[in-house]
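Notes for the structure review
What follows is each chain in one-letter form.
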Amino acid sequence: MKTFFYIFIGGGIGSVLRFVLSKYMIQFWHKDFPTGTLIVNLIGCFLIGVLFTYFTKYPTPTIFSWLLIAGFCGGFTTFSTFSLESIVLLEKNQYSIFAIYILSSLLGGISLSFLGAKIASYL
């Protein structure tokens, strides 16, 4: 039962931080490009790479691994928003922005998860 509590707390913190960062990023970037979600997802991919690699050094999951990986990263990143924003771009016939968003999210996310894992393996 404690595990669920830690995931709940981490997820709540991650969700609120995602919301704040996403709304804040809109002020500084192109209004049609979903920069906030992209930045949040890329940061989350990097963090999950670091955290997963770090916590796999331990034989059993710790409280912090549940709190940070399943909770915080799970609440912080959002595939559903990514999907919805992609559909909106298609409906607005903004195909070039759609393509850039999809490619930068997927390639950037995978690359940053890999980079995070590599960095954590040297710690």
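Please read all numbers here as calculations on a predicted model, not as lab measurements.

**Some details on the packing of aromatic side chains**
Within this structure, the stated rule accounts for six aromatic pairs. Their ring planes at 70 degrees and their centres at 5.6 Å tell us that Phe5 and Tyr6 sit as a pair that is edge-to-face. Put simply, the rings of Phe33, Phe79, Phe82 and Tyr101 touch in pairs and so form one group of aromatic residues.

**Focus on the UniProt feature "binding site: Na(+)" (unreviewed entry) in the chain**
The residues that UniProt annotates with the feature "binding site: Na(+)" (unreviewed entry) are Gly74 and Thr77. From the list above, the second largest pocket is lined by Thr77. Along the chain, Gly74 falls in helix H3 (residues 63-76). Tracing the backbone shows Thr77 in the loop between H3 and helix H4 (79-91). The class of Thr77 is partly exposed, set by a relative accessible area of 23%. Within the local environment of Thr77, its side chain forms a polar contact with the backbone oxygen of Cys73, the two atoms lying 2.8 Å apart.

Cut-offs used in this document
Residues numbered from 1 in each chain as written. Predicted model: local features only at pLDDT ≥ 70, side-chain atom pairs only at ≥ 80, totals over all residues. Heavy atoms only, no water. Phe/Tyr/Trp six-rings, centres within 6.5 Å; stacked < 30°, edge-to-face > 60°. UniProt positions renumbered as here; feature names shortened; annotations may be inferred. 1 Å grid on protein atoms, 1.4 Å probe; cavity = no way out; pocket = protein on both sides within 12 Å on 5 of 7 lines; lining within 4 Å. Helix = DSSP H or I, 4+ residues; strand = E, 2+ residues; numbered from the N terminus. Buried < 20%, exposed > 50% of the residue type's maximum accessible area, 1.4 Å probe, protein only. Polar contact = N/O pair within 3.5 Å; in protein donor to acceptor, adjacent residues only side chain to side chain.

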